[in-house]
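This is what each chain is made of:
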Amino acid sequence: MNKREMVADLLSKRRESLARINALVDGAKAEKRGLRATESAEFDRLEADIRTLDERVEELDTQLRADDAAADMAKRYAPKNTPKNGNTRMSVNEPGPYRPDGEHSWFGDMYAARSGDYSAADRLRRSSETRGVTTGSGSGGAFIPPKYLVDQWIQLARPGRPTADLLAPMPMPTGTNQVSIPKIATGSSVASQATELTAISQTDITSSSVVAPVVTLAGQQVVSVQELEMSPGAIDQVIMSDLAAQYGQVLDSQVLNGAGTSNTLKGLLNQSGITSLTWTAATPAVTGANGLWGNLANLISQIHAARFAPPTAIIMAPRRWAWIAAATDSQFRPLVNPEASGVNVYGANGAVASEGYVGKIMGVPVYTDASMPTNLGAGTNQDAIVVLRASDVMLWEGVAGGTEPRIEAFEQPFAGSLGVLFRVYSFAAMASRFPQSIGLITGTGLVAPSF
């Protein structure tokens, strides 16, 4: 069964469920009564089925639009004299034409295809079929890059995106410059009934919404035709690594500390309604009467009380974790021990990493992020610590209903100097369902640490 047949089958099932719902409602109206308990349960089940069917139909429609766009691109670039009995389509299990150690350059083929090289166009088409292309018409060809190139968007040798990768990932919706999330503002009420047959508590739900503006992150690189045509193939990895590293760093920095102005995300440190705590200390210490330990416990407790669910991550600058790991008790025993061994353990080392997961404090995983600002406060020498329930914060990222950036090639702007422009861009939006599940510690207790 192909995708169009699947859509037709799903729509048929939806009509059947809707017809049954109408029959239940009409039967109750005819008898001038409400739905019985069994009918109400069936109504709820059918309604849930319809929502599931609608989501699947929307997903398949998005894939069909992408398939149609890919077919259009393949038709425009396909060889003119392909034998009728030839089969140039590649199965999903067949190795793609682009590999890290392969002889063909993906960027080079993008340029060559624009110049009429049918072999290059065919390799791009076969690669797109195995990856699921999303492309649009225009002066440049847009393809989903090979898997090994996309992987470099997270496997970077520069400051990466550990905080961005902690958040709930969402595909970027199409046709909008902002994402709006419905939210219950005030809920129902329940109370003891005063006496039999007296009115019971009723409070109507009111709703609001959380709006997340969509921002654009983009970068470009101009490459000479000589480099594309004479390169042994490594130019793909050089360009993608460089653009990807900067993209990841900028996105993660905005996720943490974006101001929400001038087409930037509003980061965790600047969200409204979060649980904030100012730690003031002339001589900061990890433990003690006014140490970091007590302030962290206070903040975690406030999140428990406000969100009624536990935090899942503590995010701090690498220097802050190093300072914590260097702390000792009065007997010079380290407070943070490998695998939680030792006595009076404050925290546990979980990994030796420049960024990402490094251990736990109070059972909450700790992540270091080099994009955490270290120039905060009046003295411009303070960092911050974020404690949050990461699944409550949603990050939309991608292009055209997907979760991947768009890569395009343009020859015309630099044709006179034998250059080709490669462009990478992606849209992003960010919003918190429950701002109270984001906790923030700032203040003089977080000045540059002394070791």
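Residues numbered from 1 in each chain as written. Predicted model: local features only at pLDDT ≥ 70, side-chain atom pairs only at ≥ 80, totals over all residues. Heavy atoms only, no water.

Caption draft 1: Inspection of helix α10 (residues 318-326) at higher detail. When α10 is considered as a whole, its buried residues turn out to be Arg-320, Trp-321, Trp-323 and Ile-324. Along the axis of α10, the buried positions cluster into a sector of 155 degrees, meaning they face one direction only. (Buried < 20%, exposed > 50% of the residue type's maximum accessible area, 1.4 Å probe, protein only. Helix = DSSP H or I, 4+ residues; strand = E, 2+ residues; numbered from the N terminus. Arc of directions from axis to C-beta.)

Caption draft 2: Molecular detail of the confidence of the model for the protein. Chain-level pLDDT for the protein is 79 on average; 75% of the residues reach the 70-or-more range. At the low end of the mean pLDDT range in the protein sits strand β1 (residues 141-143), at 40; at the high end sits strand β16 (residues 438-442), at 97. Segment residues 129-144: pLDDT under 50, and 53 contacts once partners within four positions in sequence are set aside and those in other chains are kept. A low-confidence stretch, residues 152-156 (pLDDT under 50), is modelled with 15 contacts involving residues beyond four sequence positions or located in other chains. (pLDDT = per-residue confidence, 0-100. Contact = heavy atoms within 4.5 Å.)

Caption draft 3: Quick peek at the nonpolar core. By size, the foremost hydrophobic cluster in this structure holds 28 residues, and its most contacted members are Leu-251, Val-386 and Leu-388. Looking at this core, the elements with two or more residues in it are β5 (215-224), α8 (235-257), β7 (313-316), β12 (385-388), β13 (393-398), β15 (419-432) and β16. If near-sequence neighbours (up to four positions away) are discounted, Val-386 is found in contact with Leu-268, Leu-269, Ala-313, Ile-314, Ile-315, Met-372, Ile-438, Gly-439 and Leu-440. (Core = buried A, V, L, I, M, F, W, Y, C linked by side-chain atoms within 4.5 Å.)

Caption draft 4: How the structure looks around unusual backbone geometry. For Asn-263, which is not glycine, the phi torsion reads 60 degrees and is therefore positive. Its place among the elements puts Asn-263 in the loop between α8 and β6 (275-278). Given a relative accessible area of 45%, Asn-263 falls into the partly exposed group. Of note in this structure, Thr-380 is not a glycine but carries a positive phi near 45 degrees. Residue position: Thr-380 is located in the loop between β11 (364-368) and β12.

Caption draft 5: Representation of the packing of aromatic side chains in the model. If you walk through the whole model with that rule in mind, you get 2 aromatic pairs. Sitting over the ring of Phe-434, Arg-307 keeps its end group 3.9 Å from the ring centre. When the ring centre of Trp-323 is taken as reference, the NZ or CZ atom of Arg-320 above it lies at 4.9 Å. (Phe/Tyr/Trp six-rings, centres within 6.5 Å; stacked < 30°, edge-to-face > 60°. Lys NZ or Arg CZ within 6 Å of the ring centre and 35° of its normal.)

Caption draft 6: Examining the pattern of salt bridges more closely. Counting across every chain of the model gives 16 salt bridges. The partner of Glu-397 in a salt bridge is Arg-161, and the shortest N-O contact between them spans 2.9 Å. Here Arg-161 lies in the loop between α5 (147-150) and α6 (162-166) and Glu-397 lies in strand β13, a separation of 236 residues in the sequence. The pair formed by Glu-397 and Arg-161 is uniform in burial state, with each residue classed as buried. A salt bridge links Asp-392 to Arg-433, with the nearest nitrogen and oxygen atoms 3.0 Å apart. Separated by 41 residues along the polypeptide, Asp-392 in the loop between β12 and β13 and Arg-433 in the loop between β15 and β16 bring together distant segments of the chain. Residue Asp-392 is classed as buried on the basis of its relative accessible area, which comes to 0%. (Salt bridge = Lys/Arg side-chain N within 4 Å of Asp/Glu carboxyl O.)

Caption draft 7: Region of the structure containing the environment of Arg-423. Tracing the backbone shows Arg-423 in strand β15. Residue Arg-423 is classed as partly exposed on the basis of its relative accessible area of 30%. Taking C-alpha positions, Arg-423 is 9.2 Å from Leu-243, a pair spaced 180 residues apart along the chain. Leave out the neighbours within four places in its chain, and Arg-423 touches Gly-219, Gln-220, Arg-406, Ile-407, Glu-408 and Phe-410.

Caption draft 8: Summary view of the pairing of β6. Residue alternation in β6 divides its side chains into a buried set, Thr-275 and Leu-277, and an unburied set, Ser-276 and Thr-278. In terms of strand pairing, β6 meets β16 through 4 bridges, oriented parallel. What sits directly across from Leu-277, in β16, is Ile-441. (Pairing = 2+ DSSP bridges.)

Caption draft 9: Examining helix α9 (residues 292-307) more closely. Here α9 is 16 residues long and its end C-alpha atoms lie 22 Å apart, about the 22 Å a rise of 1.5 Å per residue gives. Buried within α9 we find Leu-292, Asn-295, Leu-296, Leu-299, Ile-300, Ile-303 and Arg-307. The buried residues of α9 occupy one face: seen down the axis, they fall within an arc of 135 degrees. (Expected span 1.5 Å × (residues − 1).)

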